[in-house]
Amino acid sequence: MNKIRKFRRFARTVMAATFCCLASFSAMAETFMQINEVQPGMTGYAKTVAHGRDIETFPVEILGIMKNGGPSGDLILARFSGPLIEETGGIAQGMSGSPVYIDDKLVGAIAYGWSFTKSRMGMITPIADMVKLWNNLTREEIPDFNARETQLIPIATPLMASGFDGASMEWLKGKLKSYNFQPVDTASAGDDDTAFPLQAGSSVAAAFVDGDMRLGAIGTVTYVDDNNIVAFGHPFLKRGSINYFMHNAYIFTIVNNLDSSFKLGSIGAEIGKIDQDRGSGIAGEYGMTAPGIPVTITVTDRDTQRSQTKRVKIIEDNELTPVLAATSVYNTVNKTIDRRGGGTATFTYKIRSADGTEKDITRHNMYYSEDNINEKSIDEIYNVLDILKHNEFIKYPVLSVDMEMSVTQAKQSARIIDATATPVVVSPGDTIYFKVKIHPYRGEDEIRDMSFTVPQDQPLGDMVLEVRGGGIVPLPYLIQKQQYNLTDEILERLRTYKDFSDLKKKIEGEDSNNQIVIEILEQNVSMVNDEKTKATKVKIEGKEPVKPNKELLKPKKHLLNDGDEDEAVKATVDTPYIVKGDGQITIKVMTPAKRDAEIAKRKKSHQEGKVSLAESTEDDDDDISVKSENRSNGDKKDRSAAEKDKRPDGPDKEGTGGHDEASA
């Protein structure tokens, strides 16, 4: 056994030494031809991989120089020929980065062609511009590509997808439309887990996702200097300083189609990191591990009892991380339940921060969809990651993401049909006890016991309590949203937070769809300023304040998580259902002395000390009728106006409330 171990160590040493020798030999053997030495009529050759890992060559003829035509400077116009070009029908996707040599000197990389043609002509990015990437470590972006010939485009880099299905890739493309991704479903090669050294002309992949699923772009290495490489000859996503995973690539074949040929290949072993993605290409370092985010996804189909756990590593990037994590979850859901259509998804996820456990985010929720539960199940994880990566307070490096989900085709929903509260006459600090009746979809009615503690600073008078499902917005706020045409986009733009701690608290404290919520429904604060509201006017930089628009929006706790307001007082209870429906109950808040007198009076007259959502408002001022979720807009406005007329104007001068004791 010891001999075997020694032999394995010796073999690894030999392999490492062999790679270093190859890389060093490649660097020593190649010299550069500067662009001012390149003349029309010169001939040379280019190198690329068309099958497997074998490097082939094809002839190149220089036609001219395009001054300042590329994103980093001049480009070289060339014609390509030979059996390989005839086979591919022109420059194929995946050939970008192919090194071009004249008199055995490295000129640059094939990088640009003409759109909608199987062209034998293209543009070469000079090698001098590409090696500058090794010294460019800032995040300052190079100006956008502005070639004078509008039909000149970078040769597309095929996005190879292994382990992903078509629906997941379509979702990814929809989220990243500006990149015009064209993912290609591909297979795996037998030696994908074996690391191979890179040299000029080798295939290389810049990967986003690694592990049980792989996703990345395949191109060609232009130049190797020790452990540093440059490739592609044009930007991939032009993300500047970045951390893609550098992988080997194996080419199965070149696929010809009517639009453009492309290399079909597999993403092999991880061998380094790509840390620059700019106008003249990509650059990276062999042997260095790129930081990534481990994502673990467990999905269980409760109908078939099938369960899958997938583990991937995704790149850290403000724009790409949320999409890649959600796509990986979406794909795992699709492959586990193996169907399309509606259903209920229940999930818990944890997003861990690399900057400490106090910044970790944990959430639990349920969603139902009639049409596509697969896609609905990933909305929240995408949105939360997007908020975290783009928050205005701190940089948020993600240490890991863990998600557990169960899916069933059944509709797990319930509707609030009634609730009773006792007592109905209280003082600040008292506890009110509720029995909330819910009707599960095609099931028997159930009762949930809840309690709500009246805030110590609650004003005297009527207190309206909203009883609702966790995903329901109270009716008065929906009416105001409609009245003032408040779109979700407007509300999102008005959303503010005090600091990151406030943001984290609001994310984790957001109501879940499977909760029953009891909270105070604000009566005296509108979503907009009316004419009587005085707004504070501030003088800034010597400019006179502008008179505020009387319909200026101001944040509300039920629609906007405004970090400057007090925390909403509420009680919640979890259920195994997505809870729909809402209604209001009016409670009288009095001083302790008046409360006790009122309770004694009610006992003497044999009045019940409780109130129900289902009781009529016409019989007792203490009650507000049920608010069904199936109302017409006209009914909503009429009822809201009627309820507003019945509400008190506020506490009287003695602080006893809007009604005196006798009429309570």
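Use the structure listed above.
Everything numeric in this text was worked out from a predicted model, so none of it was measured. (Residues numbered from 1 in each chain as written. Predicted model: local features only at pLDDT ≥ 70, side-chain atom pairs only at ≥ 80, totals over all residues. Heavy atoms only, no water.)

What about the nonpolar core?
Heads up, the rule is: Here, nonpolar core means buried Ala, Val, Leu, Ile, Met, Phe, Trp, Tyr and Cys residues that are tied together by side-chain atoms lying within 4.5 Å of each other. To sort residues, take the accessible area from a 1.4 Å probe on protein chains only and compare it with the maximum for the residue type: under 20% means buried, over 50% means exposed, and anything in between is partly exposed. The numbering of helices and of strands both runs from the N terminus, where a helix is a DSSP run of H or I of at least 4 residues and a strand a run of E of at least 2. Each domain's extent was defined by an automatic or database domain assignment. Throughout, a contact is declared for two residues whenever any of their heavy atoms are within 4.5 Å.
In terms of nonpolar packing, the biggest core is built from 73 residues, with Phe208, Leu215, Phe236 and Ile351 touching the most fellow members. Per-element tally for this core: the top contributor is helix α5 (residues 320-337), with nine residues. The residue makeup of this core includes at least three contributed by each of domain 2 (158-291) and domain 3 (294-408). Residues contacting isoleucine 351, with those up to four places away along its chain left out, are Asp360, Ile361, Ile381, Val384, Leu385, Leu388, Tyr396, Val398 and Ser400. Grouped together as the second largest cluster of nonpolar side chains are 30 residues, Ile416, Ile438, Tyr577 and Ile587 included.

Quick notes on the side chain of asparagine 374
Here asparagine 374 is to be found in helix α6 (residues 373-376). Residue asparagine 374 is classed as buried on the basis of its relative accessible area, which comes to 2%. Apart from the residues within four sequence positions on either side, asparagine 374 is in contact with Tyr330, Val333, Asn334, Ile337, Arg339, Arg340 and Gly341.

Description of unusual backbone geometry
A cis amide bond links threonine 422 to the next residue, proline 423, at an omega of 0 degrees. For proline 423, the location among the structural elements is in the loop between β22 (413-422) and β23 (425-426). Even without glycine at this site, aspartate 103 takes up a positive phi of about 55 degrees. With respect to the helices and strands, aspartate 103 occurs in the loop between β5 (99-102) and β6 (105-114). On the accessibility criterion, aspartate 103 (61% relative accessible area) is exposed. With phi around 60 degrees, aspartate 104 is a residue other than glycine that occupies positive phi space. Summarising the element assignment, aspartate 104 is placed in the loop between β5 and β6. Judged by its relative accessible area of 53%, aspartate 104 is exposed.

Topic: the pairing of strand β18 (residues 306-314)
For clarity, the cut-off: Two strands pair if DSSP finds at least two bridges between them.
Where strand β11 (residues 203-211) and β18 come together, three bridges link them in antiparallel fashion. Each bridged residue has a counterpart across the sheet, and for glycine 211 the counterpart in β18 is valine 312. In the sheet, strand β17 (residues 293-301) pairs with β18 via nine bridges, with the strands oriented antiparallel. Among the inter-strand pairings, threonine 298 is bridged to a residue of β18, identified as threonine 309. In textbook terms, the turn of a hairpin is the stretch between consecutive antiparallel strands, and for β17 and β18 this stretch comprises four residues, one of which, glutamine 305, has a positive phi near 65 degrees.

Thoughts on the pattern of salt bridges
Side chains carrying opposite charge are able to pair once their charged atoms draw close together. The cut-off we apply is this: By convention in these notes, a salt bridge is any Lys or Arg side-chain nitrogen within 4 Å of a carboxyl oxygen on Asp or Glu.
For the structure shown, the criterion picks out 27 salt bridges. In this structure, lysine 67 engages aspartate 74 in a salt bridge whose closest nitrogen and oxygen atoms are separated by 3.7 Å. Note on aspartate 74: relative accessible area 17%, which makes it buried. With its nearest N and O atoms 3.1 Å apart, the salt bridge here joins lysine 506 to aspartate 502. Note that lysine 506 and aspartate 502 are positioned in helix α10 (residues 500-509) at a spacing of four residues, about one turn of the helix. This pair shows no difference in class: lysine 506 is buried, exactly as aspartate 502 is. Here the salt bridges share partners, and the residues they tie into one network are Arg468, Asp511, Glu519 and Lys570.

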